[in-house]
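# Observations on the model geometry
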Amino acid sequence: MAKDPVRVLVTGAAGQIGYALVPMIARGVMLGADQPVILHMLDIPPAAEALNGVKMELVDAAFPLLKGVVATTDVVEACTGVNIAVMVGGFPRKEGMERKDVMSKNVSIYKSQASALEKHAAANCKVLVVANPANTNALILKEFAPSIPEKNITCLTRLDHNRALGQISERLNVQVSDVKNVIIWGNHSSTQYPDVNHATVNTPAGEKSVRELIANDEWLNGEFITTVQQRGAAIIKARKLSSALSAASSACDHIRDWFLGTSEGTWVSMGVYSDGSYNVPAGLIYSFPVTCKNGEWSIVQGLSIDELSRNKLDLTAKELSEEKDLAYSCLS
């Protein structure tokens, strides 16, 4: 029996990430090869012509799963009836801008979009915030969409998680699919903590720890961490543009695992509401290791945290607390 279509909103859909993301959704990468979708694409009025061009390309690609396209600059039309919202649109930091200036712009954008989701999205709509500062933009969205449950608002740290997997697989010359259970703790920023203390690799001799196989704590505690933290900047330097393909792919990974579940014994990193786990202040949107089942995420509990890790968890929590205060000062 055919499934009913799922309505998926992508904001900033005419931008680089949006352009990479919408065909992945239409092809079934996000929700599976048997799940029809209706795409809702939102962008700002100056991008209306480009947005219409993206719509034309979606029609021309003749995706069997794509059952409709809404391309609009009207936030209410874009949000009406959506089951999933992928918030890619945001105001980027430009040269000479202070953090407060960027935050103020994004508070305005996310206030408007959150209010529209609050009033017009489908019941139990799930939200993924991609636009930076992702953790704090998600917090702002929750402020203006109070009826959307906390557990339904997340932000993207899967890109950092995937970057960490990629670095380990390259270092060990193994398939990335054989590496699992790295963790991204904290903020999607340069204070994030890529943690391999619980990560493993499938080898012909069985499952081995990443630390045991790499046998180089200096690299794991130094260059590995900074490479993952600064990967986005390195890509901008190389491409002269920010990460688009990898961001789009990781957004699909995030939603797919959230909806369809994580594999047994495997966790992924998601920016979610802190409940105080691992002594992270409650009320922050913070990246934790999570497992997903039946459309719900759960923070992995009981992992040992060494002193180095504790300091790094606290540092990124401190930055998020400061960002939260800055965002709330922009509300007044």
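You'll find the structure just up there.
The structure contained in this document is the topic of the report that follows. Source: prediction; values computed, not measured.

What counts, and where the lines are drawn
- Residues numbered from 1 in each chain as written.
- Predicted model: local features only at pLDDT ≥ 70, side-chain atom pairs only at ≥ 80, totals over all residues.
- Heavy atoms only, no water.
- Helix = DSSP H or I, 4+ residues; strand = E, 2+ residues; numbered from the N terminus.
- Rg over C-alpha atoms; globule rule 2.2 N^0.38 Å.
- Buried < 20%, exposed > 50% of the residue type's maximum accessible area, 1.4 Å probe, protein only.
- Areas by Shrake-Rupley, 256 points an atom, 1.4 Å probe, with all protein chains shown as cover.
- Lys, Arg positive; Asp, Glu negative; His and termini not counted.
- Charge placed at Lys NZ, Arg CZ, Asp CG, Glu CD.
- 1 Å grid on protein atoms, 1.4 Å probe; cavity = no way out; pocket = protein on both sides within 12 Å on 5 of 7 lines; lining within 4 Å.
- Points joined across faces, edges and corners; volume = space filled by probe spheres on them.
- Nonpolar A, V, L, I, M, F, W, Y, C, P; charged D, E, K, R; others polar.
- Pairing = 2+ DSSP bridges.
- Core = buried A, V, L, I, M, F, W, Y, C linked by side-chain atoms within 4.5 Å.

So, about the overall build of the protein chain. Each helix and strand in the protein chain was counted, giving twelve helices and 14 strands. Here the C-alpha atoms of the protein chain give a radius of gyration of 19 Å, agreeing with the 20 Å that 2.2 N^0.38 yields for 332 residues. Structurally, the protein chain occupies a C-alpha span of about 55 × 50 × 40 Å along its principal axes. Taking all 332 residues of the protein chain together, 52% fall into the buried category. Approximately 14,900 Å² of the protein chain is accessible, and the part contributed by carbon and sulfur atoms is 51%. Of the charged side chains in the protein chain, 31 are positive and 35 negative, and the gap between their average positions amounts to 3 Å.

The computed volume of the second largest pocket comes to approximately 310 Å³. If you go around the second largest pocket, you meet 18 residues; those closest to its centre are Leu165, Ser177, Val179, Lys180 and Thr266. Residue contributions to the lining of the second largest pocket peak at three residues, all from helix α6 (residues 158-172). In the lining of the second largest pocket, the residues fall into five nonpolar, eight polar and five charged.

So, about unusual backbone geometry. Apart from glycine, the bulk of residues carry a negative phi angle, and the bulk of peptide bonds sit in the trans form. Cis peptide bonds are those with omega within 30 degrees of zero, and the linkage from Asn132 to Pro133 qualifies with -5°. One can find Pro133 in the loop between β5 (126-129) and α5 (134-143). Notably, Asn124 is not glycine yet its phi reads approximately 65°, a positive angle. For Asn124, a relative accessible area of 45% translates into the label partly exposed. At Asn173, a position not held by glycine, the phi torsion is positive, near 55°. Looking at the secondary structure, you find Asn173 in the loop between α6 and β7 (179-180).

Taking strand neighbours across the sheet as the criterion, the three strands line up as β7-β10-β11 in an open arrangement whose pairing is antiparallel. This sheet does not close on itself; its edge strands, each paired only once, are β7 and β11 (206-209). As defined by bridge partners, strand β10 (residues 200-203) adjoins β11 across four bridges and the pair is classed as antiparallel. Residue pairing across strands places Val201 opposite Lys208, the latter belonging to β11.

Moving on: the nonpolar core. Of all hydrophobic cores here, the largest spans 73 residues; its most connected members are Val8, Leu21 and Leu58. For this core, the element with the most residues is helix α1 (residues 16-27), which contributes seven residues. The next biggest cluster of nonpolar side chains, apart from the first, holds 33 residues, and it includes Val75, Cys79, Ala85 and Cys330.

Scope: geometric values only; no functional claims are made or implied.
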